[in-house]
Amino acid sequence: MIGTWHQVLRFFFAPVDDAVSSADLQLLEKQLNTAFMPPFSEGDLEAETKRKRRAFR
């Protein structure tokens, strides 16, 4: 997939400490997705942001 779509794919990551819990990572992901609003990410946005985003689709 990367070889075929390398010009349009974007992959982002953030290194985190091993002590960070799974719940903390899920919360962080939701907060980042809410802030950056990736075009194909729907399920892990904060509820208020989901409602507002749907109003413009």
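In this report, we go over the structure that sits alongside the text. Values in this document were obtained by computation on a predicted structure and should not be read as measured data.

### Considering helix α2 (residues 22-36)
- Across its 15 residues, α2 extends 21 Å between first and last C-alpha, which sits within 8% of the 21 Å expected from 1.5 Å per residue.
- Directly after α2, the chain includes M37, whose backbone phi takes a positive value near 50 degrees.

### Observations concerning the environment of S41
- Within the fold, S41 resides in the loop between α2 and α3 (47-55).
- Classification of S41 as buried rests on a relative accessible area of 12%.
- Residues S41 and A19, spaced 22 residues apart in sequence, show a C-alpha to C-alpha distance of 26 Å.
- The contact partners of S41, leaving out residues within four places of it in the chain, are N33 and R53.

### A closer look at a nonpolar patch on the surface
- Taken together, the side chains of V16, V20, L25, L28, L32 and F36 define a hydrophobic patch exposed on the protein surface, amounting to about 500 Å² of accessible area.
- Assignment of secondary structure puts V20 in the loop between α1 (2-5) and α2.
- Overall, V20 belongs to the partly exposed group, its relative accessible area being 33%.

Reading the values: rules and limits
Residues numbered from 1 in each chain as written. Predicted model: local features only at pLDDT ≥ 70, side-chain atom pairs only at ≥ 80, totals over all residues. Heavy atoms only, no water. Helix = DSSP H or I, 4+ residues; strand = E, 2+ residues; numbered from the N terminus. Expected span 1.5 Å × (residues − 1). Buried < 20%, exposed > 50% of the residue type's maximum accessible area, 1.4 Å probe, protein only. Contact = heavy atoms within 4.5 Å. Patch = residues over 30% accessible without salt bridge, like charges linked within 9 Å, V, L, I, M, F, W, Y side chains within 5 Å. Areas by Shrake-Rupley, 256 points an atom, 1.4 Å probe, with all protein chains shown as cover. Salt bridge = Lys/Arg side-chain N within 4 Å of Asp/Glu carboxyl O.

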